[in-house]
Amino acid sequence: MSEDVIEIQGNLSPEHSKVPLKPFARRQKVKRMGKLLSEARDITMRDHLTGLPNTQWFEEELARRFADARRQGRGLWVLYADIDLFKGINDKHGHLVGDGVLKAFGAIGSREEEPIARIGGEEFAQVIQDGLDLESVKKIISRYSLNFREKSKEILGDETTLSFGIARLQEGDTPQT
């Protein structure tokens, strides 16, 4: 059986610069590598500006939740939101302020198990699981709108509005439709 070897850098004599890697150390190294890979994946699934999940995460999450809903015979809502007249905010107040408005949207308060994802410039999406009727989804939208108007007013001095679209899983739908 060949032993794994790690090389130690520093002021060691040549005969001491290579040390056999023991099974315990090997497990620790694998755990550390797994943790680093997990952290790297998390970084690639987050929007760097808002800290929200990004498009890639959303597409994977939508496919996963869609399959779960189909398999369990449950409903599923997809909510899309767009910040109205966002280009005008950037033009009038500058991109740093526009970035603050995007971050404010990220802080409007979605549930942890159903995070909002940033899927484009000023576009966001959320998958909402079963158990809600249309009126309940409209209440969520109203809460998001109110929270965002308040936050945008703090930043801009004016309220900014959102446009929403909602879709419910129907028989024969796919994540792409």
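Caption draft 1: Spatial organisation of the nonpolar core. Judged by nonpolar contacts, the single largest core of 22 residues is most densely connected at I83, V101, F105, F124 and F148. Going through the elements one at a time, strand 3 (76-83), helix 3 (86-93), helix 4 (95-106), strand 5 (123-129) and helix 5 (134-156) are the ones with two or more residues in this core. With 6 residues, helix 5 is the single largest residue contributor to this core.

Caption draft 2: Spatial organisation of helix 5. Compared with an ideal rise of 1.5 Å per residue, which puts 23 residues at 33 Å, helix 5 spans 32 Å between its outermost C-alpha atoms and is within 8% of the ideal. Buried residues of helix 5: V137, I140, I141, Y144, S145, F148, S152 and L156, and no others. Where helix 5 is buried, its residues touch strand 3, helix 3, helix 4, strand 4 (116-120), strand 5 and strand 6 (162-168). Among the residues trailing helix 5, G157 stands out with phi positive, at a value near 85 degrees.

Caption draft 3: Up close: the layout of surface pockets. In this model, the second largest pocket occupies a volume close to 160 Å³. Considering the residues around the second largest pocket, the lining is formed by D84, L85, G88, I89, K92, H93, L156, D158, E159, T160 and T161. Considering every element that reaches the lining of the second largest pocket, the biggest residue donor is helix 3, with 4 residues. Residue composition of the lining of the second largest pocket, grouped by class: 3 nonpolar, 4 polar and 4 charged.

Caption draft 4: Examining the packing of helix 4 against helix 5 more closely. Direction vectors running N to C along helix 4 and helix 5 enclose 155 degrees, while the axes themselves pass 9 Å from each other. Considering the angle they form, helix 4 stands roughly antiparallel to helix 5. Relative to helix 5, the crossing made by helix 4 is right-handed. Contacts from V97, G100, V101, A104 and F105 in helix 4 reach F148, K151, I155 and L156 in helix 5. Residue composition of the contact of helix 4 with helix 5, by class: 7 nonpolar, 1 polar and 1 charged.

Caption draft 5: Representation of the packing of helix 3 against helix 4. For the pair helix 3 and helix 4, the least separation of the axes is 7 Å and the interaxial angle reads 140 degrees. Taken together, the axes of helix 3 and helix 4 are oblique relative to one another. Counting all contacts with helix 3, which are made through F86, I89, N90 and H93, the residues of helix 4 involved are H95, V97, G98, V101 and L102. Grouping the constituent residues of the contact of helix 3 with helix 4 by class yields 5 nonpolar, 4 polar and no charged.

Cut-offs applied
Residues numbered from 1 in each chain as written. Predicted model: local features only at pLDDT ≥ 70, side-chain atom pairs only at ≥ 80, totals over all residues. Heavy atoms only, no water. Core = buried A, V, L, I, M, F, W, Y, C linked by side-chain atoms within 4.5 Å. Buried < 20%, exposed > 50% of the residue type's maximum accessible area, 1.4 Å probe, protein only. Helix = DSSP H or I, 4+ residues; strand = E, 2+ residues; numbered from the N terminus. Expected span 1.5 Å × (residues − 1). Contact = heavy atoms within 4.5 Å. 1 Å grid on protein atoms, 1.4 Å probe; cavity = no way out; pocket = protein on both sides within 12 Å on 5 of 7 lines; lining within 4 Å. Points joined across faces, edges and corners; volume = space filled by probe spheres on them. Nonpolar A, V, L, I, M, F, W, Y, C, P; charged D, E, K, R; others polar. Axes fitted to C-alpha atoms, helices over the stretch in contact; angles between N-to-C directions. Parallel < 35°, antiparallel > 145°, perpendicular 65-115°, else oblique. Left-handed = near helix turned anticlockwise from the far one by under 90°.

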